[in-house]
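Secondary and tertiary structure notes
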Amino acid sequence: MSHYELFEYIQGTYRGANAYADSLSDAILKMIHIETALDKAVSRAISKNKNIVLTGNPGDGKTHLLRILSANIKKANAKAVVELDASEKLNDELVKSWKKAVKSKVPFCIAINEAVLFEIAQSNPKFDEVVEAQRQVEDAIVYLERGAKASVKARGNVVVFDLSRRNVLTSNIVQSVLSKFCSAKIPQECESIFEIADHANLMKSDLFQNRLQILFDRISRRRFHCTLRELQGFVGFLLGKGLPAIDLAEITGNSENFLTELIFSGDGALFDALREGFDPKKICHPILDTRIVTNEIKSNTWNPEEAELFHSAEVDDVEEIERRRRRFYFFNDDGIKLLKIADDADTAFSELLNSKNERDVLRELIPKINDAFHFKHANDEIRVWKSHRYDHETERMLYSTFAVKRRELEVLYPNLSPTMDSAFQYLTDHLVIQIKNESKTRLLIDFEMYQFLCRTEFGASVVTVSNHLTRRLWQFMERLSVNAPRDETELDAKILDLQTGELLEVVIDTEESRYISVQSI
Amino acid sequence: MSIAIEELREAVDESFVGIRLNTTKVKPVHIANGLFRAILSETNSTKLLHRFVFHQKATGEIPLGHDIDSVISDLLECEAIEPGIEPDNIALFRRQLKRVVSADDGVFTGQMQSYSAGSSAFLSKDTVGQDAGGFVASWLEFVDSPLFEQIETCLHDETDIVSQICQPLLDDETAPFEIFADIEDLKFTKSQLKGRNKNKQWVGLERAAETLATNLQEHPDKLFRLRMAVLFSAFAVLRHVTSLESYYDKDKKNSPPPFLLDFGINGDLKDASKQSYSRCTQSIARFYSFAFGEVLKKTHTAEQLTKCKPPRYKEGIKKKIDDQGDNVWKVKRDSAKNARNKFLIFGEAIFDILALQAEADPIRYFRGLGRRIGLLHPPKGAAVPWFRPKQDLVELIIYCCIEPGKSIELSTLCERMYERFGILVGGGTMDESVLESNGIYTWDRDSLNENVAAFSSSLVDHGFATQLADGVMKVSLEVLV
């Protein structure tokens, strides 16, 4: 293999030229492969003669992994059947091949997109292995109390690894990709191109990697799923924008192409997520900005030294100031202050997810949920509201006959099924609250929902906003309403007029069919 | 011989349509009241409830017996209220309760009461826009739909919160009730709803109702179930009204105009969707022209019609509008002289005069109801609307197309949407040919693809779908968690 094959591969990653693992040479494959617990988990399953199903989205690394492990698989069982890419065959052929392997009691290992698995399961409801595989995909996530581990294991002879559940943006994978790509031997004609050689050096900085990881963690918590291919493309872009050397030579040195600019300027889902997540250029602070503009920053606070700024900027050069803020964030010890200034919902959400105290979590969420329904009278119980009309206009009246107390609720966190838990890391990006032991009453709190609930303080509500988040809240109310007390002799009803804010409490004797009291609150 | 258009219209609606499309004020709550009372074949006395909630007219005038003192006195007498409650609080309660039970703005003076509620005690003798609900009830019973029984069960259940809050004001004095037109007596029933060659559209609606009933069975909220059932009924009415031509016109037998739904952000499909709306209204106009002609055949000869005085919708029309109607009649009469199908032309004239002179015509009924259920956009104004459904309707479509616990691909969903509702979004294999055969040309493949993408994005956002690889979307009812 030539010294530069890896470099050529890297240059192709951004534009997707190297999109498919099955078109790569074994040498490249081995060079870019990052060994993780997943490799070991698959090997373990093979040693037990299990059927292995690697599923997920394109770019998650299914075929790549199967190719890397195929030698081990064959070593464990020479007769094992390995289907590197299900999309190359017709569904019927796949099913036939799988059934044959099952009949012959040899392991069947397949890399298959989730959609194809779904189709095969739908059209072969009596094929136990494929139905079990689909079940494991659907039941990959189990909700448990903090610290608990899922105990329900895979059934039958099939083990599924759904790579779409794997968080590729974990520090060990990110650092491994950075390490491999930045160590690639650079062709001579590229050595003088700043964006390649020097970026490779800059990216080795611990501080840079740490700051990048913070951004990756933020977007992961926003439920952004990155494929391995996208991560490689991202790093590839940082090392020369995916351009041939001759093209890059013409634009080299342009400040727009500096590393910290490229992080926010590429095309694709990962770049979009980073731009939405946190962009240091948007954070203003008079003291920090002054120091950034006048370059009154101590040299020894830059890491590495090469990233240091060398001169002051013009006060009205907004673009330059924004570039400097980005550079400051990634390469200066004090750069983290920009994130702290942001003090945004991401930070608060992260704290919520990491909170070890269920009571604190509920104490934060319950008032917000009540606020979303314009009800500020209770912090320790969720008032269950209803509204009813037959057209699609906005609700004006809310009414309620009961509330769910905090002690009746529990907070659960997503956990991977045991098989997948042993294979890869899953970043907690949401939690659910529900009535204890009643999974049908669940409300999912992800970043989007949390952000909305934070805005209820400023007037956002199920009435002023009509979208999938408010629909989720209304569904939650509907599910909670199943627990309405029945056969009570006295009914305590609250009626809230959302336009006037008037809240009325009406007590009804249901046996005598009489209004006992009517009071304005 | 003179022609009384209003009577002619009634005759057409009674024997051909099953619904009097004679109001622009029809609201989903009217559909609800009509549907529910037809299912139970009874109405209730809502006297005390009405007196309590309808505290004054829009002019500020307090109807007789509705003043607070009389109301409190009667409530005390029948022990529906404890003595000593502050009159101010009762006054506040009346206002608030009215907003609760008249959330759809369906409670007015006299008999005009359709309550935003969900049990039998609220069913009134309202006469505004009730036929549509009655028609759907008649159809559901005719096809023995599980949805009929489900609605019936809901109506007998008085544990919903609205019924509970109103309990002291409700009584159980019932009166029998009959709908405007029994579906068995309608002219299209035999050819479209019976036998081996049942109309595909009705078969689709039947399946939709069945799937909806199965899904609603699982739903914990009774009021939600009724809301969905009413929304479905309103949609079925709109579909029925735009399919009438296809029942009776042999050439159009199996192709009612599609509803092309626009989900796009850029409005690329807006014009095509407007055209789709126009095809629907043209179909309604053609049907009525045909139906009027058929009714006229029974009472007049063509010769008699040419000698007839220009008909009026009814007496007391303003002169200017009268003159317009007269002109229409004269023009059509002249063109009928040498025409083969004279009755069709006279039927067109009747319809045109009706549209000019009546307070409401079937096209405005269609538009009004379509807007009020969130199918047509914009919700108000004179602009030509197009099909841009609100969230509730998207939810209804999902409930009617996917069985509980099942997942289907987006392409399958699009096929079912057309099969069950005559809806297109651009993702079905037959969409392009259907659009072309209905003379809808202001689209291209890119705009259809973008529309499907926007539709699927909407499904994902609302938790109805997950995006799998290779562009496959898995749609199901419960993907939120």
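Each remark here, short or long, concerns the structure printed above.
A short tour of the structure in this document, coming up.

Cut-offs used in this document
- Residues numbered from 1 in each chain as written.
- Chains lettered and ligands numbered in written order.
- Predicted model: local features only at pLDDT ≥ 70, side-chain atom pairs only at ≥ 80, totals over all residues.
- Heavy atoms only, no water.
- Buried < 20%, exposed > 50% of the residue type's maximum accessible area, 1.4 Å probe, protein only.
- Helix = DSSP H or I, 4+ residues; strand = E, 2+ residues; numbered from the N terminus.
- Pairing = 2+ DSSP bridges.
- Contact = heavy atoms within 4.5 Å.
- Buried area = accessible area lost by both parts, 1.4 Å probe.
- Salt bridge = Lys/Arg side-chain N within 4 Å of Asp/Glu carboxyl O.
- Axes fitted to C-alpha atoms, helices over the stretch in contact; angles between N-to-C directions.
- Parallel < 35°, antiparallel > 145°, perpendicular 65-115°, else oblique.
- Left-handed = near helix turned anticlockwise from the far one by under 90°.
- Nonpolar A, V, L, I, M, F, W, Y, C, P; charged D, E, K, R; others polar.
- Phe/Tyr/Trp six-rings, centres within 6.5 Å; stacked < 30°, edge-to-face > 60°.
- Lys NZ or Arg CZ within 6 Å of the ring centre and 35° of its normal.

A separate point is the pairing of strand β7 (residues 397–405) of chain A. Residue and element names in this part refer to chain A. Counting buried residues in β7 gives eight out of nine residues, a clear majority hidden from the surface. Sheet analysis places strand β6 (residues 381–386) next to β7, joined by five bridges and oriented antiparallel. Within the sheet, the bridge partner assigned to E381 lies in β7 and is K405. In this structure, β7 lies alongside strand β11 (residues 490–497), joined through four bridges in antiparallel fashion. Across the sheet, the residue bridging to M397 is D497, located in β11.

Attention now moves to the interface of chain A and chain B. Across the boundary between the two partners, chain A contributes 57 residues, which contact 62 residues of chain B. Taken over both partners, the interface formed by chain A and chain B buries close to 5,200 Å², and the fraction arising from carbon and sulfur atoms is 58%. It is A:Y390, A:R471 and A:Y515 in chain A that bury the most area against chain B; as a group they hold 19% of the surface buried on that side. At the boundary of chain A with chain B, the tally comes to six salt bridges. The salt bridge involving B:E79 is made with A:R514; its shortest N-O contact spans 3.9 Å.

Before going further, it helps to spend a moment on the sheet that holds strand β2 (residues 81–83) of chain A. Residues and elements named next belong to chain A. Here we have four strands laid out as an open sheet, ordered β2-β3-β1-β5, and parallel in their pairing. At either margin of the open sheet sits one strand with a lone partner, and together these are β2 and β5 (158–162). Each strand axis lies, on average, 15° off the axis of its neighbour in the sheet, ignoring direction. Relative to strand β3 (residues 108–113), strand β1 (residues 51–56) is paired through five bridges, and the arrangement is parallel. If you follow L54 over to β3, its bridge partner there is A111. On the sheet, helix α5 (residues 91–103) packs against β1, β2 and β3 and is oriented at approximately 155° with respect to β3.

What follows deals with the packing of helix α8 (residues 171–182) of chain A against helix α11 (residues 228–238) of chain A. Residues and elements named next belong to chain A. Taken N-terminus to C-terminus, the directions of α8 and α11 make an angle of 45°; their axes are 10 Å apart at the nearest point. The pairing of α8 with α11 is recorded here as oblique in orientation. Here α8 and α11 pass one another in a crossing that is right-handed. On α11, the residues touching I173, V174, V177, L178 and F181 of α8 are L228, L231, Q232, V235 and G236. Tallied by class, the residues present in the contact of α8 with α11 amount to eight nonpolar, two polar and no charged.

Let's shift gears to the pattern of salt bridges. Residues and elements named next belong to chain A. Throughout the structure, instances matching the rule amount to 52 salt bridges over all chains. Its salt-bridge partner being E322, residue K281 comes within 4.0 Å of it at the nearest N-O pair. In this pair, K281 sits in the loop between α14 (269–277) and α15 (286–294) while E322 sits in helix α16 (residues 318–331), placing the two residues 41 residues apart along the sequence. Since its relative accessible area comes to 25%, K281 is described here as partly exposed.

Residue and element names in this part refer to chain B. With the rule as written, the count across this model stands at 47 aromatic pairs over all chains. Between F52 and F93 the ring centres are 5.4 Å apart and the planes differ by 65°, which places this aromatic pair in the edge-to-face class. You can see F52 sitting in helix α3 (residues 47–53) and its partner F93 sitting in helix α5 (residues 87–101), a full 41 residues away along the chain. You can call F93 buried: its relative accessible area is 1%. Between F263 and F455, the aromatic rings sit 4.8 Å apart at their centres with planes inclined by 45°, giving tilted as the arrangement. One end of the pair, F263, is in the loop between β3 (259–260) and α12 (270–299); the other, F455, is in helix α20 (residues 445–461), with 192 residues separating them in the sequence. The residues F263 and F455 share a single accessibility class, namely buried. Between the NZ or CZ atom of K187 and the centre of the ring of F16, over which it lies, the distance is 5.4 Å.

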